[in-house]
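Observations on the model geometry
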Amino acid sequence: MKQQANLIRAGQVIEHEGQRWTVLKQQIITPGKGGAFIQVEMRNLKTGNKTNERWRTADTVERLTTEDRDFTYSYTDGENLVLMDPETFEQFMVPAAILGDSAPFLQDNMAVIVALVEGDPVGITLPPQVTLEVVEADPVVKGQTASSSYKPAKLSNGVKTLVPPFIEAGERIVVRTEDGSYVERAKG
């Protein structure tokens, strides 16, 4: 279906120059002189190539309808993720590349949502937060104020993030899957 370019959002799938693209980022830019335009960073679903495209906000683009289905992550088999349909227990292969930057946060038996266009997987949505263990945490620097004294830490999945000074190595914390940022100490 056609939609105005200024309504493009991250996660949508659009058709451009005969190819299917998934939108990674979008930004509306209003220069001092001239009309506003939208700059879109997107990834080609077949080749995995990234590109930036600009449209005037009044332009129209072809948005593809996606169907969201729930799956459970089983294991990784080379370049593919093996997912299981929780209702029929059928296995479903999805290229690991469509996870993008959120790949390290995928955990065994995690419930994920796969976006499909005409039966082809175009994107995977992980739960918004995951619980991970801190494997390395820098010591607290004395004299820093409590308000902004976050310190670097390395998580059990290899991702580096910033944590409050009271978090030590060996503790479990909750982090956001979209950017790996600290949310809270894990309960229980």
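Residues numbered from 1 in each chain as written. Predicted model: local features only at pLDDT ≥ 70, side-chain atom pairs only at ≥ 80, totals over all residues. Heavy atoms only, no water.

Before going further, it helps to spend a moment on the environment of Ser74. Among the secondary structure elements, Ser74 is positioned in strand β7 (residues 67-77). Ser74 gets classed as partly exposed once you look at its relative accessible area, which sits at 22%. As for Ser74 and Gly100, which are separated by 26 residues in sequence, their C-alpha atoms are 18 Å apart. (Helix = DSSP H or I, 4+ residues; strand = E, 2+ residues; numbered from the N terminus. Buried < 20%, exposed > 50% of the residue type's maximum accessible area, 1.4 Å probe, protein only.)

Okay, the nonpolar core next. Judged by nonpolar contacts, the single largest core of 26 residues is most densely connected at Leu83, Leu106, Val112, Ile124, Leu126 and Ile173. Each of domain 2 (67-125) and domain 3 (129-185) accounts for three or more of the residues forming this core. Contact partners of Val112, with chain neighbours within four places excluded, come to Arg69, Asp70, Phe71, Leu83, Leu106, Ile124, Thr125 and Leu126. The next biggest cluster of nonpolar side chains, apart from the first, holds 10 residues, and it includes Ile14, Val23, Ile38 and Val40. (Core = buried A, V, L, I, M, F, W, Y, C linked by side-chain atoms within 4.5 Å. Domains from an automatic or database assignment. Contact = heavy atoms within 4.5 Å.)

Inspection of the entire model under this criterion finds 9 salt bridges. With a shortest N-O distance of 2.7 Å, Arg20 and Glu118 are connected by a salt bridge. Taken together, the residues Arg20 in strand β3 (residues 19-29) and Glu118 in the loop between β10 (111-117) and β11 (120-125) connect sequence positions 98 residues apart. Of the residues examined, Arg20 reaches a relative accessible area of 23% and is grouped as partly exposed. Overall, Glu118 belongs to the exposed group, its relative accessible area being 68%. The salt bridge involving Glu41 is made with Lys50; its shortest N-O contact spans 3.8 Å. For Lys50, a relative accessible area of 49% corresponds to the partly exposed category. Here the salt bridges do not stand alone but share partners, grouping Arg20, Glu118 and Asp120 into one network. (Salt bridge = Lys/Arg side-chain N within 4 Å of Asp/Glu carboxyl O.)

As annotated in UniProt, the feature "domain: Translation elongation factor P/YeiP central" (unreviewed entry) corresponds to residues 68-122 in the numbering used here. Secondary structure content for residues 68-122 is 0% helix and 55% strand, and the end C-alpha separation is 10 Å. (UniProt positions renumbered as here; feature names shortened; annotations may be inferred.)

What follows is about a negative patch on the surface. Taken together, the side chains of Glu67, Asp68, Asp70 and Glu87 make up a negatively charged region of the molecular surface. As for its placement among the helices and strands, Glu67 is situated in strand β7. Since its relative accessible area comes to 45%, Glu67 is described here as partly exposed. (Patch = residues over 30% accessible without salt bridge, like charges linked within 9 Å, V, L, I, M, F, W, Y side chains within 5 Å. Areas by Shrake-Rupley, 256 points an atom, 1.4 Å probe, with all protein chains shown as cover. Lys, Arg positive; Asp, Glu negative; His and termini not counted. Charge placed at Lys NZ, Arg CZ, Asp CG, Glu CD.)

Turning our attention to the packing of aromatic side chains. One pass over the structure, following the stated rule, counts 2 aromatic pairs. Seen from their ring centres, Phe71 and Phe92 are 4.9 Å apart, and the 10 degrees between their planes marks the pair as stacked. Within this pair, whereas Phe71 is found in strand β7, its partner Phe92 is found in strand β9 (residues 91-95), the two being separated by 21 residues in sequence. Overall, Phe92 belongs to the partly exposed group, its relative accessible area being 21%. Measuring from ring centre to ring centre gives 6.5 Å for Tyr150 and Tyr182, while their planes differ by 75 degrees; the resulting arrangement is edge-to-face. Highlighted residues: Tyr150 in the loop between β12 (129-137) and β13 (151-155) and Tyr182 in strand β16 (residues 182-185), separated in sequence by 32 residues. (Phe/Tyr/Trp six-rings, centres within 6.5 Å; stacked < 30°, edge-to-face > 60°.)

Averaged over the chain, the pLDDT score is 87; the fraction of residues at 70 or greater is 96%. The lowest-confidence element of the chain is β11, averaging 83 in pLDDT; the highest-confidence one is strand β15 (residues 172-176), averaging 93. (pLDDT = per-residue confidence, 0-100.)

One open sheet accounts for 6 strands, arranged β1-β6-β2-β3-β4-β5; its pairing is antiparallel. Whereas interior strands pair on both sides, the edge strands pair on one side only; in this sheet they are β1 (2-4) and β5 (50-56). Recorded for the sheet is a direction-independent mean angle of 50 degrees between the axes of neighbouring strands. Bridge analysis of strand β4 (residues 37-44) against β5 gives 7 bridges, and the strand direction is antiparallel. Residue Arg43 lies in a different strand from β5, and its bridge partner there is Lys50. (Pairing = 2+ DSSP bridges. Axes fitted to C-alpha atoms, helices over the stretch in contact; angles between N-to-C directions.)

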